[in-house]
Amino acid sequence: MKAESKAKRYERIYEQVKGLIDATTYPISRMATINALLHHKFNYYYWTGFYELVNGDLVVSAYQGPVACLKLKKDTGVCWAGINAQETVIVENVHEFPGHIACSSASNSEIVVPVKNPKGETVAVLDVDSKEYAAFDEADKVGLEKLVSLIYS
């Protein structure tokens, strides 16, 4: 999918999510709605979900796709890299990422986007896996960052 058409699709999803989430301010409900839309609108998405920081642990929250790892080993893998760096991480080939946590051997690339609460603290990450290598790019980064900003808006 070309970056321009991705960007347009993300914009349409953003507008759709904005309309849907007005029903509640509960973050998990908003995460679940974002997951459902993203997972079914992009054919290269394999696993789409959130991991939340709970008492210092990174635990699975709302997601779409095959069964997930319930808790991620501290400071290991792409999700923790996003938490620790406080920025979006794109990995073209997860098999080459040091400490990658393989919840599914079918995943080949990944993007992780930090979710910040109103105080600016990272409280979760959006994690998207693809069976394709190098599936994610700048258009995904920009689109997903904009979407996760709605969770606590």
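### Quick notes on the overall build of the chain
Phase 1: Scanning the chain from terminus to terminus reveals four helices and six strands.
Phase 2: Reading the chain from its N end, one meets helices and strands in the order α-α-β-β-β-α-β-β-β-α.
Phase 3: Based on the C-alpha atoms only, the size of the chain along its principal axes is roughly 40 × 40 × 25 Å.
Phase 4: Taken across its 153 residues, the chain has 48% of its residues classed as buried.

### Regarding the nonpolar core
Phase 1: Grouped together as the largest cluster of nonpolar side chains are 28 residues, with contacts concentrated most on L38, Y45, L144 and L147.
Phase 2: Sorting the residues of this core by element identifies α1 (3-21), α2 (27-41), β5 (109-116), β6 (122-130) and α4 (138-148) as the ones contributing at least two each.
Phase 3: Sequence-distant contacts of L38, defined by excluding residues within four places in its chain, comprise Y10, I13, Y45, T48, L126, L144 and L147.
Phase 4: Counting residues in each nonpolar core, the second largest holds 17 residues, with C69, V78, I83 and V91 among its members.

### Overview of the pattern of salt bridges
It is possible for side chains of opposite charge to pair when their charged atoms get near one another.
Phase 1: In the structure shown here, the tally under the stated rule is seven salt bridges.
Phase 2: The closest approach of N and O atoms between K6 and D140, which form a salt bridge, is 2.5 Å. Of the two residues, K6 is situated in helix α1 and D140 in helix α4; the sequence distance between them amounts to 134 residues.
Phase 3: For D140, a relative accessible area of 0% translates into the label buried.
Phase 4: Measuring nitrogen to oxygen at the nearest pair gives 3.8 Å for the salt bridge that ties K71 to D57.

### What to know about the packing of α1 against α4
Phase 1: It is at 9 Å that the axes of α1 and α4 come closest, and there the two elements cross at 10 degrees. By the criterion of interaxial angle, the relationship of α1 to α4 is roughly parallel. Together, A3, K6, A7, Y10, E11, I13, Y14 and V17 of α1 and A139, D140, G143, L144, K146 and L147 of α4 make up the contact between the two elements.
Phase 2: When the residues that make up the contact of α1 with α4 are grouped by side-chain class, the tally is nine nonpolar, one polar and four charged.

### Some details on the environment of P114
Phase 1: Mapped onto the fold, P114 is located in strand β5.
Phase 2: A C-alpha to C-alpha distance of 9.9 Å links P114 and E52, two positions 62 residues apart in sequence.
Phase 3: The contacts of P114, once residues within four sequence positions are left out, are G82, Q86, E87, T88, T122, A124, V125 and V148.

### With respect to the side chain of N117
Phase 1: Relative to the helices and strands, N117 is located in the loop between β5 and β6.
Phase 2: Separated by 2.7 Å, the side chains of N117 and E121 make a polar contact.
Phase 3: Those residues in contact with N117 that sit more than four places away from it in its chain are V123 and Y152.

Thresholds, definitions, all that
- Residues numbered from 1 in each chain as written.
- Predicted model: local features only at pLDDT ≥ 70, side-chain atom pairs only at ≥ 80, totals over all residues.
- Heavy atoms only, no water.
- Helix = DSSP H or I, 4+ residues; strand = E, 2+ residues; numbered from the N terminus.
- Buried < 20%, exposed > 50% of the residue type's maximum accessible area, 1.4 Å probe, protein only.
- Core = buried A, V, L, I, M, F, W, Y, C linked by side-chain atoms within 4.5 Å.
- Contact = heavy atoms within 4.5 Å.
- Salt bridge = Lys/Arg side-chain N within 4 Å of Asp/Glu carboxyl O.
- Axes fitted to C-alpha atoms, helices over the stretch in contact; angles between N-to-C directions.
- Parallel < 35°, antiparallel > 145°, perpendicular 65-115°, else oblique.
- Nonpolar A, V, L, I, M, F, W, Y, C, P; charged D, E, K, R; others polar.
- Polar contact = N/O pair within 3.5 Å; in protein donor to acceptor, adjacent residues only side chain to side chain.

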